[in-house]
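Chain by chain, the residues run as shown.
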Amino acid sequence: MSKKIKIIADSTCDISPELVSKYNIEIHPFVVNLGEKSFRDGVDICTNDILKYYRETGQVSKTAAAPPGEYEALFRQWPSDEYDVLFFTISSDFSSAFANASIAAENLDNIYIVESANLSTGILLIVLTACDMVESGMSAKEIAHKLNEIVPKVRASFVIDTLEFLWKGGRCSGVAALGANLLRLKPCIEVIDGKMSVGKKYRGNIDKIIPLYIKDRLDSTPDVVRKRVFITHTFEDRAAVDAALEQVRDSGMFDEVLETRAGCTVYSHCGPNTLGILYIEA
């Protein structure tokens, strides 16, 4: 009898509750620290808590992966005679999650650790591709191998309203943040080879910039995997998000346009009023 395949991802994939239920994906929470207090991403803390903490203290939250022992306990819940496990992590350049999970899996022969080389729904695109492969009857080993070809084709980017969170989180210099604020610049942050880099810089109000950003991204990648695209954001105001969703639908480039809210890890670095479009290049 063939073994079942269990899909598990860390909470940095920013999956919605609806997709968790639809695809039967288990999510393992990152640790989010507000000062001396620790919480579990998406379990006992949400992005509103991070914004409240920032407004009260001027400090940003810190995030951390679980230690190897916690990952090993997670993996041992799925006996090797019944299950193969595909576990998806955030880029190893952003976190120790991949390294810690790999250590935990060293003595377990049914665990396949997939390094996404990405973040947010850039990870989730890979996770859902794996779910499609499970549905097609592929083995966990075959899926893990095939995903190595797909990971480099994920196109993930965000346009952000303020560099304050990136600066305070140590991801950019204070001089760069000050200059961007003075010039009203809104940079596009791209994930390339597992690392964040600054792409095109836009100037003006974020809601006016988003349509230009989306057009630029879609024009730069005319040949895409049509199956799905994500609009992932940290907006409270629906107007900009709804306009972005409509623009992507009207492009006719994708069969399914999905929306998710970024979780605590992305929010900790990008802050409010961030929006990204994420898809796979064909």
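So, a few notes on the structure that sits alongside this text.

Scoring rules and cut-offs
Residues numbered from 1 in each chain as written. Predicted model: local features only at pLDDT ≥ 70, side-chain atom pairs only at ≥ 80, totals over all residues. Heavy atoms only, no water. Helix = DSSP H or I, 4+ residues; strand = E, 2+ residues; numbered from the N terminus. Expected span 1.5 Å × (residues − 1). Buried < 20%, exposed > 50% of the residue type's maximum accessible area, 1.4 Å probe, protein only. Disulfide = S-S within 2.5 Å. Axes fitted to C-alpha atoms, helices over the stretch in contact; angles between N-to-C directions. Parallel < 35°, antiparallel > 145°, perpendicular 65-115°, else oblique. Left-handed = near helix turned anticlockwise from the far one by under 90°. Contact = heavy atoms within 4.5 Å. Nonpolar A, V, L, I, M, F, W, Y, C, P; charged D, E, K, R; others polar. 1 Å grid on protein atoms, 1.4 Å probe; cavity = no way out; pocket = protein on both sides within 12 Å on 5 of 7 lines; lining within 4 Å. Points joined across faces, edges and corners; volume = space filled by probe spheres on them. Pairing = 2+ DSSP bridges. Arc of directions from axis to C-beta.

This part is about helix α5 (residues 121–135). For α5, which comprises 15 residues, the first-to-last C-alpha distance of 20 Å matches the rise-based estimate of 21 Å (1.5 Å per residue) to within 8%. Judged by how many residues are buried, α5 sits mostly within the fold: 12 of 15 residues are covered. For α5, the set of buried residues is Thr-121, Gly-122, Ile-123, Leu-124, Leu-125, Ile-126, Val-127, Leu-128, Thr-129, Ala-130, Cys-131 and Met-133. Just downstream of α5, Gly-137 is the residue with a positive phi angle, here 100 degrees.

The final tally for this structure, using the stated rule, is zero disulfides. With no disulfide of its own, Cys-13 lies closest to Cys-131 among cysteine sulfurs, the gap being 10 Å. Not engaged in a disulfide, the cysteine Cys-264 finds its nearest cysteine sulfur in Cys-46; these two sulfurs lie 6.6 Å apart. Overall, the relative accessible area of 2% leaves Cys-264 in the buried class.

This part covers the packing of α5 against helix α6 (residues 140–150). The geometry of α5 relative to α6 is characterised by a closest axis approach of 11 Å and an angle of 140 degrees between their N-to-C directions. As far as their axial angle goes, α6 and α5 are oblique. You can see that α5 and α6 cross each other, and the crossing is right-handed. On α6, the residues touching Ile-126, Thr-129, Ala-130, Met-133 and Val-134 of α5 are Ile-143, Lys-146, Leu-147 and Ile-150. For the contact of α5 with α6, the class distribution of residues is seven nonpolar, one polar and one charged.

Let us look at the layout of surface pockets. As a volume, the largest pocket reaches approximately 450 Å³. As for the largest pocket, its lining consists of 20 residues, and the residues nearest its centre are Ile-15, Pro-17, Asp-41, Gly-42 and Gly-263. The element best represented in the lining of the largest pocket is helix α1 (residues 17–23), accounting for three residues.

Spatially, β2-β1-β6-β7 is the arrangement adopted by the four strands of the open sheet, whose pairing is parallel. Of all strands in the sheet, those with a lone pairing partner are β2 (26–28) and β7 (111–115), marking the two edges. Across the sheet, the mean angle separating the axes of adjacent strands is 25 degrees when strand polarity is ignored. As judged from the six bridges shared by strand β1 (residues 4–10) and strand β6 (residues 83–89), these two strands associate in the parallel manner. Across the sheet, Lys-6 pairs through a bridge with Val-85, a residue of β6. Running at roughly 175 degrees to β1, α5 makes contact with β1, β6 and β7 of the sheet.

Moving on: helix α9 (residues 206–220). In this model α9 runs 21 Å from its N-terminal to its C-terminal C-alpha over 15 residues, within 8% of the 21 Å that 1.5 Å per residue would give. Those residues of α9 not exposed but buried are Ile-206, Ile-209, Ile-210, Tyr-213, Ile-214, Arg-217 and Leu-218. Burial along α9 is one-sided: seen end-on, the buried residues are contained in an arc of 160 degrees. Elements in contact with the buried residues of α9: β8 (154–159), β9 (185–192), β10 (195–203), β11 (229–233), α10 (238–251) and β13 (275–280).

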